[in-house]
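# Survey of secondary and tertiary structure
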Amino acid sequence: MSKACISSVFQRQMEQMRNIKNLIFDNDAMGELPPLARLLFAGLWTMVDDKRRMEDNHRKMKKVIMG
């Protein structure tokens, strides 16, 4: 079988993926938040880079997280 070619853009996206563990939602403080706030937290978590930074673009955040 031949080795599949992966585009450099896709490879960078894969390297930047963030995983959310279910333990976050078992936290008492998280449990007290409204569901929309928990969704926002999870969405923002997936958008940050390795140094916990992200682009300050509110429209993009809304589009990506809230669809």
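Okay, the overall build of the protein chain next. Looking only at helices and strands, one finds four helices and zero strands in the protein chain. Looking at the protein chain as a whole, 10% of its 67 residues qualify as buried. If you take every contact in the protein chain between residues at least 6 apart in sequence, the share linking residues at least 24 apart comes to 41%. When the accessible surface of the protein chain is summed, it comes to about 6400 Å², and 56% of that surface belongs to carbon and sulfur atoms.

Glancing now at the packing of aromatic side chains. In this structure the tally under the stated criterion is one aromatic pair. Measuring from ring centre to ring centre gives 5.9 Å for Phe 41 and Trp 45, while their planes differ by 35 degrees; the resulting arrangement is tilted. You can see Phe 41 and its partner Trp 45 sitting in helix H3 (residues 35-47), four residues apart, about one turn around the helix. Residue classification places Phe 41 among the partly exposed residues on the basis of a relative accessible area of 34%.

This part is about the pattern of salt bridges. If you walk through the whole model with that rule in mind, you get one salt bridge. Here Glu 55 and Lys 60 are joined by a salt bridge, their closest N and O atoms 3.6 Å apart.

Once that is clear, we can look at the packing of H3 against helix H4 (residues 58-66). The geometry of H3 relative to H4 is characterised by a closest axis approach of 10 Å and an angle of 110 degrees between their N-to-C directions. The angle between H3 and H4 places the two elements in the roughly perpendicular class. Residues Leu 36, Leu 39, Leu 40, Gly 43, Leu 44 and Met 47 of H3 lie in contact with H4, whose contacting residues are Met 61, Val 64, Ile 65 and Met 66. Taken together, the residues that form the contact of H3 with H4 break down as nine nonpolar, one polar and no charged.

Parameters and conventions
- Residues numbered from 1 in each chain as written.
- Predicted model: local features only at pLDDT ≥ 70, side-chain atom pairs only at ≥ 80, totals over all residues.
- Heavy atoms only, no water.
- Helix = DSSP H or I, 4+ residues; strand = E, 2+ residues; numbered from the N terminus.
- Buried < 20%, exposed > 50% of the residue type's maximum accessible area, 1.4 Å probe, protein only.
- Contact = heavy atoms within 4.5 Å.
- Areas by Shrake-Rupley, 256 points an atom, 1.4 Å probe, with all protein chains shown as cover.
- Phe/Tyr/Trp six-rings, centres within 6.5 Å; stacked < 30°, edge-to-face > 60°.
- Salt bridge = Lys/Arg side-chain N within 4 Å of Asp/Glu carboxyl O.
- Axes fitted to C-alpha atoms, helices over the stretch in contact; angles between N-to-C directions.
- Parallel < 35°, antiparallel > 145°, perpendicular 65-115°, else oblique.
- Nonpolar A, V, L, I, M, F, W, Y, C, P; charged D, E, K, R; others polar.

The values are spatial; any link to function lies outside them.
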